[in-house]
Amino acid sequence: MSLDLALFTGINILLAWSVYLILLTGTLSFANGAFMALGAYVSGVLTAKFGIGYMPAMAMAAAASAVIGVLTGYPALRTRGIYLILVTLAITFFVQTAIENTKFVGGVQGMGGMMGTSFEIVYGSVIVVGALIWLLSRSPLQRVLDAVREDEHVAGAIGINVVYVRLALFGIGAALAAYAGGLYAHHMFFVAPDHFTIIVSVFIVLYVIMGGVNNMWGSVVGAVILTVLPEAIRFIGEWRQGVFGLLIVILLLFRRDGILPFRSVTARSGRKADA
Amino acid sequence: MSSVLSVDGVTKTFGGLVAVDSLSLTVEPGEALGILGPNGAGKTALINMVSGFYRPTAGTIRLFDREITDLSLHQIGRLGIARTFQNIRLFRRMTVLENVMTANPRYTRKPLRAFFGFGGRRHDIDEAMALVEFMGLADRADRIAGSLPYGDARRLEMARALATGPRLLLLDEPGAGMNEEETERLIADIHKCRERLAAIVLIEHDMTMIRKIADRVVAMNYGRKMAEGRPTEVLSHPEVKRAYLGTTEGELV
Amino acid sequence: MLAEQVINGLVLGSMYALIAIGYSLVFGVLDKLTFAHSEIFMFGGYVGVLTVALGVPIWWAIPLAIVVAGIQGLITELVSFRKFNTPDGHITAALSSFAAGIVLIDVTQKFWGSDPKDLGIPNTIYTASTELFGLQIVYIKLAILIVTLLIMIALQILIARTRMGRNIRAVAESSTTASLLGIDVKRVTQQTFFIASALAGIAGLMLAMRGGFADPNVGLSFGLKALAIMAIGGMGDVRGAMIGGILIGVLEGLAFQYGLGKLSEVLVWVLMIVVLLVRPNGLFGRSVNRELRA
């Protein structure tokens, strides 16, 4: 596996987790490609045009995306189901159109001048974020999120502020997507609006759905498979794209609940069960 | 001492349909109030307003002199009103223990602080297990809630409600679909819960349950109060018999 | 000029409407979203290319588009929808249909290249026109409008008057009840996919006829816009999709007229959000608030 592919895999794992975190509250976000774009452009502009350091720029990009995530999420999260999918799709369209029409960042042509990234930075981030999500899965917060996802009205009735929880996770997911977007921009040295189309947003969701939505490892497996697979079937040549699509259809058919469908129990009684 | 709950002139309309029509009632400390009425009489709509699922069209609702009419669902939950649902609503993918632990007010009130709540893990489990045991579910604490038989599911729903530390518990037809034996056990369970609560409101069709649990009964029809008083009085009220039951006197008493 | 843009808008809108109706039919019957729909629409244009290449008269493209797109719809139903019938299956089905769409795009590009493909119809067809009430009417636009209108009328009759339409409506209302009444839900689902896809195929063909070329990239831009239009009209509501499509087409035409070219691309998404915030079930959607009936 080449370094390039390894870095993309790491970045895609972070992106998958950004959707996974939002999905913990039952919100399926097709807007993470947009948050990724925000992160890529904000961190790119800050480093290339204002000479701000790498990590401060990344942090500011994540913060900016979180703010925009919360601002757009507030109206968006009033909708449910398919409407919510459409509203988050719309966010992706808006951000892409906005970038295309902003001369300062190069419009359709895109912009360059980023600093590059390294294996250590990308996989250091994967490990830190992974550790945080793992801690989350062992904490009482996991159950609060599960409750919101499973029945938001009952969750409200037992005292959970559902709007706040969903919005907070949407903001956190937006920040993580932006962070991954920043890594992407620096790794590529160049970004353009067509790197962040609706297809990117859909694929990030696909990582999570294909891997399994009930645990953090599903996102990893999904991201790795869907990043490496196109390279692994490179020998097919020109039909690669079609075969890739076909393989996705087949994988989804045979693992209908995801490749790793299990949910980890967060607490055990330590008693013997009844026979 | 002030009433646990006072509902004052509450009305709820859906479009042109009046579900509850300027209804007033109070629930006193230590009391179990039964609410009786035919389907569509507005009983569930009333509970939904008290618990914050619906906002009343008019009128006020107070919990211990604090007005809660316009508060949101979670605020009302935090102030001490818990409920169960006619069609049991559990977190079906969680275990029995997890269902009860989820309702722990330490974490529902400050969700993001719950992220740092590893420390109290053993304590949380013990606390929740005490309730699970209280409801007689200890031997199936690690079972997935969705796989529980009806009676156990109902008991778990009550345990989860108690875990929020409520002062008032609203039970919406807890005995629906239960046989005689199960109903007997449910009555015993509800009596057990009473010692932990300031008051109970019970919506029920089942006369046995109303008579064995309620200290006082409010009969509703067409969203209005038809009669109010001791169970035997209300159940023998001619209007109640005519409107709601359409059954013979023998079945009633 | 203004009237001309309105006519252009009508032509455009009638195509939006055809695609949106398809989304709406599928959503009504299955409660699911199909992303392959926009690519089946895209392929409709290539049915036009195919027809010209075969050397048969161009109007043969219409029945051909119905058959080809219909079969694509049946395949989509088979691979991306039939097995995903759990509550969580909704989104898996949508993503699977998205992947199916990728396959269709790739196949198209392998045969006809990734650039727009000229239909090879004589150019005179795009200039032949007549003057009516001081308006320059191009025949081909008129023909497109007439064809799409006829198809919408035929669809209305099919849904409202035939046994098949009655079954479709019954399944849309409640598939459980419908199957209890002895309706073959699987078959109705297939019929719905066939009809919905045929409509998309024709819309794709009409778009290609209007411009004189088929484009492998219209699915994601044009096709997804129709999805927003369905939401504006109200999910699962055929009439809403129809009116919504034409409304958006005309609005885009007007936006273009007033020099808002770029903005007209996002106009439909802005409108969708506004509509959803004011009327969460769309302009014509029935407001069902099942969740709160505790």
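Description of the structure in this document. (Residues numbered from 1 in each chain as written. Chains lettered and ligands numbered in written order. Predicted model: local features only at pLDDT ≥ 70, side-chain atom pairs only at ≥ 80, totals over all residues. Heavy atoms only, no water.)

1. Looking at the interface of chain A and chain B
Working step 1: Each partner contributes residues to the interface: chain A has 38 residues there, and chain B has 41 residues.
Working step 2: In total, about 3600 Å² of surface goes out of reach between chain A and chain B, with carbon and sulfur atoms giving 60% of it.
Working step 3: For chain A, the biggest contributors to the area lost against chain B are A:R143, A:E150 and A:I158; these three give 17% of the whole.
Working step 4: Summed over the shared surface of chain A and chain B, the number is three salt bridges.
Working step 5: Between A:R263 and B:E98 there is a salt bridge whose closest N-O contact spans 3.1 Å.
Working step 6: Counting the contacts that link chain A with chain B gives 10 residue pairs in polar contact (both at pLDDT 80 or more).
Working step 7: Of all elements in the fold, only α5 (119-138), α6 (140-150), α7 (152-157) and α8 (162-188) of chain A reach the threshold of two or more residues within the side of chain A that touches chain B.
Working step 8: Per-element tally for the side of chain A that touches chain B: the top contributor is α6(A), with eight residues.
Working step 9: Of the residues that constitute the side of chain A that touches chain B, the class distribution is 18 nonpolar, nine polar and 11 charged. (Contact = heavy atoms within 4.5 Å. Buried area = accessible area lost by both parts, 1.4 Å probe. Salt bridge = Lys/Arg side-chain N within 4 Å of Asp/Glu carboxyl O. Polar contact = N/O pair within 3.5 Å; in protein donor to acceptor, adjacent residues only side chain to side chain. Helix = DSSP H or I, 4+ residues; strand = E, 2+ residues; numbered from the N terminus. Nonpolar A, V, L, I, M, F, W, Y, C, P; charged D, E, K, R; others polar.)

2. Details of helix α1 (residues 43-50) of chain B
All names here are of chain B.
Working step 1: Of all eight residues in α1, eight are buried; the element is thus mostly enclosed.
Working step 2: Every buried residue of α1 is listed here: K43, T44, A45, L46, I47, N48, M49 and V50.
Working step 3: Following α1 by one or two positions, G52 adopts a phi angle in the positive range, close to 95°. (Buried < 20%, exposed > 50% of the residue type's maximum accessible area, 1.4 Å probe, protein only.)

3. Observations concerning a nonpolar patch on the surface
Working step 1: A cluster of nonpolar side chains, namely A:V128, A:L132, A:W134, A:L135, A:W217 and A:F262, defines an oily patch on the protein surface of about 580 Å² accessible area.
Working step 2: With respect to the helices, strands and loops of the structure, A:L135 is situated in helix α5. (Patch = residues over 30% accessible without salt bridge, like charges linked within 9 Å, V, L, I, M, F, W, Y side chains within 5 Å. Areas by Shrake-Rupley, 256 points an atom, 1.4 Å probe, with all protein chains shown as cover.)

4. Comments concerning the sheet that holds strand β9 (residues 216-221) of chain B
All names here are of chain B.
Working step 1: One open sheet holds the six strands; their spatial order is β6-β7-β8-β3-β9-β10, and the pairing between them is mixed. If you trace the sheet from one side to the other, it starts and ends with β6 (81-83) and β10 (224-229), each paired once. For this sheet, the mean angle separating the axes of adjacent strands, direction not counted, is 20°.
Working step 2: The pairing of strand β7 (residues 168-172) with strand β8 (residues 199-203) spans five bridges and is classified as parallel. What sits directly across from L169, in β8, is I200.
Working step 3: In this fold α1 packs onto β3 (32-36), β6, β7, β8 and β9, with an angle of close to 150° to the strand it touches most, β7. (Pairing = 2+ DSSP bridges. Axes fitted to C-alpha atoms, helices over the stretch in contact; angles between N-to-C directions.)

5. A look at the nonpolar core
Working step 1: Ranked by size, the top nonpolar core spans 232 residues in total, and within it A:W17 and C:M272 carry the most contacts.
Working step 2: By residue number, the principal contributor to this core is helix α1 (residues 2-30) of chain C, which donates 14 residues.
Working step 3: When residues no more than four places from it in sequence are discounted, the contact partners of C:M272 are A:L86, A:V87, A:A90, C:A228, C:A231 and C:I232.
Working step 4: In this structure, B:V7, B:L23, B:L170 and B:V218 belong to the second largest nonpolar core, which totals 31 residues. (Core = buried A, V, L, I, M, F, W, Y, C linked by side-chain atoms within 4.5 Å.)

6. Some points on the interface of chain A and chain C
Working step 1: At the junction of the two partners, chain A supplies 36 residues and chain C supplies 37 residues.
Working step 2: Across the interface of chain A and chain C, roughly 3500 Å² is buried in total on both sides, 82% from carbon and sulfur atoms.
Working step 3: Contact with chain C buries area across many residues of chain A, yet A:I82, A:Y83 and A:L86 alone supply 18% of it, more than any other trio.
Working step 4: Across the chain A-chain C interface, the total number found is zero salt bridges.
Working step 5: Linking chain A with chain C are two residue pairs in polar contact (both at pLDDT 80 or more).
Working step 6: At the level of secondary structure, the elements contributing two or more residues to the side of chain A that touches chain C comprise α4 (81-100), α7, α9 (198-211) and α11 (240-254) of chain A.
Working step 7: Examining the composition of the side of chain A that touches chain C, we find that 10 residues originate from one element, α4(A), more than from any other.
Working step 8: Of the residues belonging to the side of chain A that touches chain C, the class tally is 25 nonpolar, seven polar and four charged.

7. Quick look at the side chain of B:D172
Working step 1: Mapped onto the fold, B:D172 is located in strand β7.
Working step 2: Residue classification places B:D172 among the buried positions, given a relative accessible area of 0%.

8. A few points about the packing of helix α10 (residues 238-257) of chain C against helix α11 (residues 263-278) of chain C
Residue and element names in this part refer to chain C.
Working step 1: Direction vectors running N to C along α10 and α11 enclose 135°, while the axes themselves pass 9 Å from each other. Looking at the two axes, α10 sits oblique to α11. The two elements α10 and α11 cross, and the hand of that crossing is right-handed. Residues I248, L251, E252 and A255 of α10 form the contact with α11, whose participating residues are S264, L267, V268 and L271.
Working step 2: Of the residues contributing to the contact of α10 with α11, the split by class is six nonpolar, one polar and one charged. (Parallel < 35°, antiparallel > 145°, perpendicular 65-115°, else oblique. Left-handed = near helix turned anticlockwise from the far one by under 90°.)

9. Considering the sheet that holds strand β4 (residues 58-63) of chain B
The pairing of strands in a sheet comes from backbone hydrogen bonds and takes either a parallel or an antiparallel form.
Residue and element names in this part refer to chain B.
Working step 1: Read from one edge to the other, the open sheet built from four strands follows the order β2-β1-β4-β5, with strand pairing classed as antiparallel. Every other strand in the sheet has two partners, leaving β2 (17-27) and β5 (66-67) as the edge strands with one partner each.
Working step 2: As paired elements, strand β1 (residues 5-14) and β2 share seven bridges and run antiparallel to each other. Residue S6 lies in a different strand from β2, and its bridge partner there is T26.

10. Observations concerning the packing of aromatic side chains
Working step 1: Per the counting criterion, the structure on display carries 20 aromatic pairs over all chains.
Working step 2: Aromatic side chains B:F115 and B:F116 sit 5.0 Å apart centroid to centroid with 80° between the ring planes, which places their arrangement in the edge-to-face category.
Working step 3: The exposed category is assigned to B:F116, whose relative accessible area is 61%.
Working step 4: Ring centres of C:F35 and C:F98 lie 5.8 Å apart, and the angle between their planes is 85°; this geometry places the pair in the edge-to-face category. Taken as a pair, C:F35 in the loop between α1 and α2 (36-54) and C:F98 in helix α4 (residues 89-112) lie far apart in primary sequence, 63 residues in all. Taken individually, C:F35 and C:F98 each receive the classification buried, so the pair is uniform in this respect.
Working step 5: These aromatic residues form a ring-pair network of at least three members: A:F30, A:F203, A:F244, C:F35 and C:F98.
Working step 6: Here the guanidinium or amino end of B:R160 rests over the ring plane of B:F91, the centre of that ring lying 4.8 Å away.
Working step 7: Of note, B:R196 hangs over the ring of B:F134, and the distance from its end group to the ring centre comes to 4.0 Å. (Phe/Tyr/Trp six-rings, centres within 6.5 Å; stacked < 30°, edge-to-face > 60°. Lys NZ or Arg CZ within 6 Å of the ring centre and 35° of its normal.)

11. Some words on the pattern of salt bridges
Working step 1: Across all of its chains, the model carries 24 salt bridges over all chains by this definition.
Working step 2: Of the charged contacts in the structure, one is a salt bridge between A:E150 and B:R93, with a shortest N-O distance of 3.7 Å. Of this pair, A:E150 sits in helix α6 while B:R93 sits in the loop between β6 and α3 (96-102), each in a different chain.
Working step 3: Take A:E150: its relative accessible area is 26%, and that puts it in the partly exposed class.

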